[in-house]
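Fold and contact review
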Amino acid sequence: NAFGTPHVCAHVSALPLRMAVLGRFLLAVVVLATAAPPGGVGGGHSLAAAAAAGNSGPTLLSEDNNGADVEDLDLADRIASSLDKSTPFLEVSYNDALQPMVDVNVGGQWLKLVFDASSGNTIVFVEEYKACEPSGFEPCYSYKEAEANHTLKVCEENNNMEIECNTQASSHYTCSSFLKSLANAKPHPDALIIDGLEYDQKSVEGVEDMTLRLVSGSQQDTQRRNVSWSGMPVRLLVEAMKIPSRPPWLSLDLFVGASGILGASGPSLSCRKDTLWTALLKKENVTRFSMDFAPPPSAVVQDKGARSRVVLNEIDESRSLQDVIWSQPKQTGDLINDGMHEFLMYRLEVCGVNLLYNTSSNWLVVIDTSGPCLSLPPFLFDRLMSRIPAECPFGIGERAQGRLCSPRREMPHDKLPSLFFQLEDAGEPEPPRLWIPLERLVFRNASGQELLCVSRDDSDPRRATADMMYSHIAFGSMAVSTLYTVVDLENHTVGLASKGDLVREASNSTCTPSRTCKGSQTYYPPQNVCEDPLCSAYMLMSLDDETKTCKWSRLVPFCFGATLVILAALDLLSHRLYKQAIEKASELNQ
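Below you will find a few notes about this structure. (Residues numbered from 1 in each chain as written. Predicted model: local features only at pLDDT ≥ 70, side-chain atom pairs only at ≥ 80, totals over all residues. Heavy atoms only, no water.)

Some words on the overall build of the chain
We apply this condition: Here a strand is any run of E in DSSP of at least two residues, a helix any run of H or I of at least four, and the numbering for each starts at the N terminus. For every residue, the accessible area obtained with a 1.4 Å probe (protein chains only) is divided by the maximum for its type, and the residue is called buried under 20%, exposed over 50%, and partly exposed between those limits.
A tally of regular secondary structure across the chain gives nine helices and 32 strands. Looking at the chain as a whole, 50% of its 590 residues are labelled buried.

Listed below in structure tokens is the structure:
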């Protein structure tokens, strides 16, 4: 483990500061020599006990050194992050749709594949079938070139329409016999749901030779080595991924400028239970990996000099400004939970309001880097938008259909608030909080318009309900870039550390003010609404729209008078009948 120490702001001369840097380096060496591996049994466990006290958030550097010593303070971070220069990682870049891309060689062809932590298949878009977008995009996988290199083999099971390559039918999909060519195979339909939209696929199963390029060292001293496998499962798309009845107003065209997908989930989500990502983890003896993504180039907030990468085994705490906080172990024992990288989020708050109020103490979060945005179930999305300054091209409660909202700024320097959450339930002491400055989810599209990368996942009608099974939160690549994210494969936990600067990147002053209720109305904080009393639940009562109180219906006085008249008439009638009965009884007694 690589442990970082907190930044220290002090008005010191250059010589004492350099001595302080040397002291921090020696402290890091001592900590490394005595550090124990992090626990993964409970939530909220810190990796650096020595730095845990008093390091609850980012520390700003002093600007009173006239810029002479700021570089020396950063030197300590560079020393901590380069203690083990042999640590391998995958370099990550972005396409125009903000999706993370890694270099993968498939069939002797270097491709740009989307790094997807939520799917299990390695997918390539076939050039001859115009599966890459835009048309003519390079690099795009050529099956003819692969067949000429004798690397591609197409599974015979493709032509047996009774066999499907899915997570349930893996035992029947052996792929031990092969067709003559991809041109002789029959494609099978499939689909991938991203940010609430369903992307249809037409695919053919095969095996291919694959190579991943691992990088180590610093930006000034970079070493690269290739790791190769033969006969790895591959899914070939023979048609561009598309949305049925694609609306013209999509905010992001996903997979434009991509050659395919590298599935980085567990093997249970692959029909053949063997993936390129799993092979890499086994070959490099990986027990945990971290996603250390820099903001994409079109993001409003940038981290100067930051690199995007997927690091194997090592945890580089110097990349964040607080200790890594660990989640509780995830549920295991079924295909979905075994394959997904997920955790429980507690007390999701914005503008001081708990968005899970009166619904649940926690909610399931899945790391899904196939898309860029923070994807929320409908009820959470509507609650968030009622609290932050944002303008949406659809109304509260309406389907988003791939459209994103824009931040509303009254002044040019207005900042959006931050989301806060915890990785364990309330207790003593209070668990540490993590934060996502919403400003880090803002990007500019090709026309310069600012968009907030928070999507409403309304792909399934059941997602409109507050049911965690069908309605999880998804952390896309841009959401992951706001956090230093570690996945522990042995303990089934996720470690997070916030990157954002709460002082410079967020402000609660732009929060939508809470509404003032009147009369008998009840205030509901998550949606920032005043709920009218249920007057209709009472007989002959209705709501007064001006006073917001229950009032009697206009028929009540008439009904009351009519009731009195009827009661009086009945009383007179009963009295008359009584007298008649007495008189008849008297006559009978005589």
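Structural notes on the pattern of salt bridges
Heads up, the rule is: The salt bridge criterion pairs a side-chain nitrogen of Lys or Arg with a carboxyl oxygen of Asp or Glu, the two atoms within 4 Å.
If you walk through the whole model with that rule in mind, you get 22 salt bridges. Connected through shared salt-bridge partners, Asp190, Glu205, Arg235 and Arg272 make up one network.

Some words on the side chain of serine 142
Going by this rule: Contact between two residues is taken to exist if any of their heavy atoms lie within 4.5 Å; hydrogens are not considered.
With respect to the helices and strands, serine 142 occurs in the loop between strand E5 (122-125) and helix H3 (143-148). Look past the residues within four positions of serine 142 in its chain and what remains in contact with it is Gln109, Glu127 and Glu128.

As for the state of the cysteines
Put simply, the test is: By disulfide we mean two sulfur atoms from cysteines, separated by a distance within 2.5 Å.
The full count for this structure, using the stated rule, is eight disulfides. Covalent S-S linkage joins cysteine 392 and cysteine 405, the inter-sulfur distance amounting to 1.9 Å. Between cysteine 392 and cysteine 405 the sulfur-sulfur dihedral comes to about 100 degrees; the bridge is accordingly right-handed. Within this pair, whereas cysteine 392 is found in the loop between strand E19 (390-391) and strand E20 (406-407), its partner cysteine 405 is found in the loop between E19 and E20, the two being separated by 13 residues in sequence.

Points about the side chain of arginine 387
Stated formally: Counted as positive: Lys and Arg. Counted as negative: Asp and Glu. His and the chain ends are not counted at all. Pairs of N or O atoms within 3.5 Å make up the polar contacts considered here, provided that, within protein, one atom can donate a hydrogen while the other can accept it, and that residues adjacent in sequence are counted only when both atoms are side-chain atoms.
Counting through the fold element by element, arginine 387 comes out in the loop between helix H6 (378-385) and E19. Although arginine 387 lies buried, it forms no salt bridge, and the closest oppositely charged side chain, glutamate 349, sits 11 Å away as judged by the N-O distance. There is a polar contact of 2.4 Å between the side chain of arginine 387 and the side chain of tyrosine 523. The residues touching arginine 387, leaving out its near neighbours within four places in the chain, are Val350, Cys351, Val353, Cys511, Thr512, Ser514, Tyr523, Pro525, Pro526 and Asn528.

Structural notes on the nonpolar core
Cut-off, in case you're wondering: Only buried residues count toward a nonpolar core, which is a set of Ala, Val, Leu, Ile, Met, Phe, Trp, Tyr and Cys residues joined through side-chain atoms within 4.5 Å.
By size, the foremost hydrophobic cluster in this structure holds 116 residues, and its most contacted members are Tyr141, Trp277, Leu384, Ile473 and Phe475. Those residues in contact with isoleucine 473, other than ones at most four positions away along the chain, are Met345, Leu348, Trp363, Leu364, Val365, Val366, Leu374, Ser375, Leu376, Pro377 and Leu380. By size, the runner-up hydrophobic cluster in this structure holds seven residues, among which are Cys155, Ile163, Tyr173 and Cys271.

Remarks on H6
Residues lying three or four places apart along an α-helix face the same way, a consequence of the helix completing one turn every 3.6 residues. By the criterion of burial, H6 is predominantly enclosed, with eight of the eight residues buried. Along H6, the residues classified as buried are Pro378, Phe379, Leu380, Phe381, Asp382, Arg383, Leu384 and Met385.

Brief notes about unusual backbone geometry
Of note, the amide linkage connecting glutamate 138 to proline 139 takes the cis form, showing an omega dihedral of 5 degrees. Residue placement: proline 139 occurs in the loop between E5 and H3. Of note, the amide linkage connecting glutamate 428 to proline 429 takes the cis form, showing an omega dihedral of -5 degrees. Assignment of secondary structure puts proline 429 in the loop between strand E21 (418-422) and strand E22 (434-437). Backbone geometry places histidine 492, a non-glycine residue, at a positive phi of 60 degrees. Within the secondary structure, histidine 492 sits in the loop between strand E27 (483-488) and strand E28 (493-498).

Notes on the packing of aromatic side chains
Rules: Two rings from Phe, Tyr or Trp (for Trp, the six-membered ring) form a pair when their centres sit within 6.5 Å of each other. Planes less than 30 degrees apart are called stacked, planes more than 60 degrees apart edge-to-face, and all others tilted. We call a charge positioned above a ring when the Lys NZ or Arg CZ atom is no farther than 6 Å from the ring centre and deviates by at most 35 degrees from the ring normal.
Under the criterion given, the structure shown has 10 aromatic pairs. Each ring, one from tyrosine 199 and one from phenylalanine 255, has its centre 6.0 Å from the other, and the planes form 75 degrees; the classification is edge-to-face. Placement of tyrosine 199 in strand E9 (residues 197-217) and of phenylalanine 255 in the loop between strand E10 (222-237) and strand E11 (260-263) is noted, with a sequence separation of 56 residues between them. Both residues of the pair, tyrosine 199 and phenylalanine 255, belong to the buried class. Members of the aromatic cluster, connected to one another through ring pairs, are Phe115, Trp277 and Phe289. Residue placement shows lysine 283 over the ring face of tryptophan 229; its charged tip is 5.2 Å from the ring centre.

Considerations on a nonpolar patch on the surface
Defined as follows: Like-charged residues are merged into a patch within 9 Å and nonpolar side chains (Val, Leu, Ile, Met, Phe, Trp, Tyr) within 5 Å, provided each residue has over 30% relative accessible area and no salt bridge. Using a 1.4 Å probe, accessible areas were evaluated by the Shrake-Rupley method; residue-level cover was limited to the displayed protein chains.
Residues Phe560, Leu564, Ile566, Leu567, Leu570, Leu573 and Leu577 make up a contiguous nonpolar surface patch of roughly 700 Å² in combined accessible area. Secondary-structure assignment places leucine 567 in helix H9 (residues 555-589).

A closer look at the pairing of E27
Successive residues of a regular strand alternate their side chains across the two faces of the sheet. Cut-off, in case you're wondering: We treat two strands as partners when DSSP finds at least two bridges between them.
Among the six residues that make up E27, six are buried, leaving the element largely enclosed by the rest of the structure. Two strands pair when backbone bridges link them, and strand E12 (residues 288-292) and E27 are joined in this way by four bridges, in the antiparallel orientation. Residue pairing across strands places methionine 291 opposite threonine 485, the latter belonging to E27. Across six bridges, E27 lies against E28 in antiparallel orientation. Each residue of the ladder has a partner; that of tyrosine 484, found in E28, is alanine 497. From the end of E27 to the start of E28, which pair antiparallel, there are four residues, and histidine 492 there has a positive phi angle of about 60 degrees.

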